[in-house]
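A closer look at the structure
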Amino acid sequence: MSIPRHWREIPRRYRLEAGKCKKCKVINFPSRLVCPECGGKTFETVKLSGKGKLDTFTIIRVAPEGFGDEVPYAVGIIDLKDGVRLMAQITDCDPTTLKTGDKLVAKFRKVQEDGKNGIIKYGYKFVPDVGV
Amino acid sequence: MRDVAIVGVGLMKWGELWEKSIRDLCVEAALSCFEDAGNDKIDSIVVGTMASGLLTGQEHMANMVPDYLGKKHVPAMRVESACCSGSQAVRTAFMEVASGMSDCVLALGVEKMTDVSGNDATYALATASDQEFEAFHGVTFPGLYAMMARKHMEQYGTTREQLAEVSSKNHRNGSLNPHAQYPFPMTREQVMNSTLVADPLRLMDCSPITDGAAAVLLVPATDAKKYKKHGMVVISGVGHATDTIALCQRKDMLKMEAVTLAAKAALKMAGKTIKDVNFAEVHDCFTIAEIMIMEALGIVKPGQGGPATLKGLTALEGKFPVNPSGGLKSKGHPVGATGVAQICEAVYQLRGEAGKRQVKNAKVGLTQNMGGTGGTSVVHILEAK
């Protein structure tokens, strides 16, 4: 992956920045140029809370290249309090103990790396929200 | 718009075809189609392939195909909508004939998937998802469909056994199909005991990696009378719709809205309802997909796909046979070829040429092809005339 391709996503991957439509107030993550709800074209940058509930998930047993050392790992869809839904890995827990509805919180983690010499790509992963 | 008929279909036995290149696959399917039609004079070619570049290093298939088919100078184009590329080729060819631009168009679908490692094929397939917000996080296609499966099981009570029956039923049908990659039966127990890939989906819930091609020849219905070898089959309806590319962006991920909208448009164009349809070839890339498609097409109510499958509704001898060909699971899934091969199967069925897997009284057939997690879908209605 080229460095600019990762670099330009940093506001979303590192800081969970989203675009709140000035017209209909719906928050879009990732931010877009056109609001899918109302067609609005002006947005305010907002930071997502990073707190939400697990909507559905899977445990990846056969991983794509670069993720082989991590199996089995959980990937799920998280319903955030902000009304946003996103997909991420769920970590810091035994994936077989996860249940839909579990409370989760976003953390800054290493997601992948480009081989031995490439860049390390950080981003959000979710962990069980134990209130600390 | 002119009415459009299919006067030729061409398939080959699919599989891991080590001795054949992507150009061999295209030419073999096209020649078989010409032989079936008894005509090889074409005005135009539409090629559907999802990832010829990533999988074989060869783009510009719209140049390769006419050249190696001995049709130098014939105009050709390539269309792409991930695993829906094949039916996009048929739809584009349909529009070309219906509009009057061309009188005889070859629609060809192809994918050569075994020239790269399993990892590279997985990467190529994952490009159909949202690269930056799904694939980035290490999710695979089985993983995406597994999330739908878990939700379907929790929301509707769909069971592992019901999922397994989709695979088992399709293998039963595929065992009767000489073109199928895996033409053997598979019990529900075998499916349920196969290796976990992405919970709750197992290896035998997933369609395989396949090399293959398929071709169909389209002409105006008024010209079709000249083709006397087979019974006449027309495309009476075409529908196409899209949805969000990322699964998590859908308000209800269990509703495949692109499928519903594509089917609605195709049925309306044909002047039919789903009750008029005698059988369907659908995109069972994973077992859960067939269940959700049955619901999205309105064959059953939401949540009833699993129980209906277990009761035999969609079996070959059932009231509404689904995937008489064996589907993607047993027949194989060379992604760009799948949509065209579905049309081929519908034509065999409507001509009464489907041999041991013939659906009784097949007059109206539906094909449903889709890309990604259902972000693109194309539906065709075919009728015997």
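This is a predicted model, so every value here is computed, not measured.

Rules and cut-offs
- Residues numbered from 1 in each chain as written.
- Chains lettered and ligands numbered in written order.
- Predicted model: local features only at pLDDT ≥ 70, side-chain atom pairs only at ≥ 80, totals over all residues.
- Heavy atoms only, no water.
- Pairing = 2+ DSSP bridges.
- Helix = DSSP H or I, 4+ residues; strand = E, 2+ residues; numbered from the N terminus.
- Patch = residues over 30% accessible without salt bridge, like charges linked within 9 Å, V, L, I, M, F, W, Y side chains within 5 Å.
- Areas by Shrake-Rupley, 256 points an atom, 1.4 Å probe, with all protein chains shown as cover.
- Salt bridge = Lys/Arg side-chain N within 4 Å of Asp/Glu carboxyl O.
- Buried < 20%, exposed > 50% of the residue type's maximum accessible area, 1.4 Å probe, protein only.
- Contact = heavy atoms within 4.5 Å.
- Domains from an automatic or database assignment.
- Buried area = accessible area lost by both parts, 1.4 Å probe.
- Nonpolar A, V, L, I, M, F, W, Y, C, P; charged D, E, K, R; others polar.
- Polar contact = N/O pair within 3.5 Å; in protein donor to acceptor, adjacent residues only side chain to side chain.
- Axes fitted to C-alpha atoms, helices over the stretch in contact; angles between N-to-C directions.

1. Remarks on the sheet that holds strand β2 (residues 27-28) of chain A
Residues and elements named next belong to chain A. With respect to topology, 3 strands assemble into an open sheet ordered β2-β1-β3, the strand pairing being antiparallel. A strand with exactly one partner marks an edge of an open sheet, and here the two such strands are β2 and β3 (43-47). In terms of strand pairing, strand β1 (residues 17-21) meets β2 through 2 bridges, oriented antiparallel. Paired with K20 across the strands is I27, a residue of β2.

2. Comments concerning a nonpolar patch on the surface
Residues and elements named next belong to chain A. A surface patch of nonpolar side chains, about 350 Å² in accessible area, is lined by Y14, F108, I120 and Y122. Considering the arrangement of structural elements, one finds F108 in strand β7 (residues 103-113). Exposure remark for F108: the relative accessible area of 46% places this residue in the partly exposed category.

3. Some points on the environment of P75 of chain B
Residues and elements named next belong to chain B. Along the chain, P75 turns up in the loop between α3 (61-68) and β3 (76-79). Since its relative accessible area comes to 48%, P75 is described here as partly exposed. Spatially, the C-alpha atoms of P75 and S167 are 40 Å apart, while their sequence positions differ by 92 residues. Excluding residues within four positions of it along the chain, P75 makes contact with D43, S44 and I45.

4. Observations concerning the domain arrangement of chain A
All names here are of chain A. In terms of domain boundaries, chain A breaks down into domain 1 (1-47) and domain 2 (49-132). Using only C-alpha atoms to locate each centre, domain 1 and domain 2 end up separated by 20 Å. Taken together, the 10 residues of domain 1 in the interface contact 15 residues of domain 2. Summing the contributions of domain 1 and of domain 2, the shared interface buries around 1100 Å²; its carbon and sulfur component is 70%. Top element by residues in the side of domain 1 that touches domain 2 is helix α2 (residues 10-15). It accounts for 3 residues. For the side of domain 1 that touches domain 2, a count of residues per class yields 6 nonpolar, 1 polar and 3 charged.

5. Considering the pattern of salt bridges
In total, this model carries 33 salt bridges over all chains according to the counting rule given. The salt bridge involving D55 of chain A is made with R85 of chain A; its shortest N-O contact spans 3.1 Å. With a gap of 30 residues between them, D55 of chain A in strand β4 (residues 51-60) and R85 of chain A in strand β6 (residues 85-90) connect regions that are remote in the sequence. For the residue pair D55 of chain A and R85 of chain A, the accessibility class agrees, reading buried in each case. Linking E383 of chain B and K385 of chain B is a salt bridge whose minimum nitrogen-to-oxygen distance equals 3.7 Å. One continuous salt-bridge network, built from bridges that share partners, spans D55, D79 and R85 of chain A together with K151 of chain B.

6. Let's talk about the domain arrangement of chain B
All names here are of chain B. For chain B, the assigned domains read domain 1 (4-117 + 210-226) and domain 2 (119-206 + 235-384). Of note, the centres of domain 1 and domain 2, computed from C-alpha atoms alone, are 22 Å apart. Facing the 46 residues of domain 1 at the interface are 43 residues of domain 2. When the two sides are added together, the surface that domain 1 and domain 2 hide from each other amounts to roughly 3400 Å², 69% of it contributed by carbon and sulfur. Summed over the three residues of domain 1 that lose the most area to domain 2, namely L11, W14 and C83, the buried surface amounts to 20% of that side. The interface formed by domain 1 and domain 2 includes 1 salt bridge. Here D36 makes a salt bridge to R351, at a shortest N to O gap of 2.8 Å. Summed over the shared surface of domain 1 and domain 2, the result is 15 residue pairs in polar contact (both at pLDDT 80 or more).

7. Focus: the sheet that holds strand β2 (residues 44-48) of chain B
Residues and elements named next belong to chain B. Taken in spatial order, the 9 strands make up an open sheet running β3-β2-β4-β7-β1-β8-β11-β10-β9, and their pairing is mixed. Whereas interior strands pair on both sides, the edge strands pair on one side only; in this sheet they are β3 and β9 (279-281). Ignoring strand direction, the axes of neighbouring strands in this sheet form an average angle of 30 degrees. Bridge count between strand β10 (residues 364-371) and strand β11 (residues 376-384): 8 bridges; the pairing is antiparallel. Each bridged residue has a counterpart across the sheet, and for L366 the counterpart in β11 is I381. Packed on one face of the sheet, helix α4 (residues 85-99) meets β1 (4-10), β2, β3, β4 (105-111), β7 (212-220), β8 (233-242), β10 and β11 and runs near 160 degrees to β2.

8. Notes on the interface of chain B and chain A
Taken together, the contact between chain B and chain A spans 28 residues of the former and 37 residues of the latter. Across the interface of chain B and chain A, roughly 2900 Å² is buried in total on both sides, 53% from carbon and sulfur atoms. Area buried by chain B at its contact with chain A is led by F133, F136 and H137 of chain B, which between them contribute 26% of it. For the interface between chain B and chain A, the tally reads 5 salt bridges. Ionic pairing is found between R61 of chain A and D199 of chain B, a salt bridge with its closest N-O pair at 2.8 Å. There are 19 residue pairs in polar contact (both at pLDDT 80 or more) connecting chain B and chain A. Counting residues per element, the ones that place at least two in the side of chain B that touches chain A are α5 (118-126), α6 (141-156) and β5 (196-198) of chain B. Counting residues per element, the side of chain B that touches chain A draws most heavily on α6 of chain B, which supplies 7 residues.

9. Brief notes about helix α11 (residues 287-297) of chain B
All names here are of chain B. Taking burial as the measure, the 11 residues of α11 include 11 buried ones, the bulk of the element. All buried positions along α11 are accounted for by T287, I288, A289, E290, I291, M292, I293, M294, E295, A296 and L297. Lining the buried residues of α11 we find α6, α7 (160-174), β6 (201-202), α10 (257-270), α12 (305-310) and β10. Directly beyond the C-terminal end of α11, a positive phi value near 85 degrees is found at G298.

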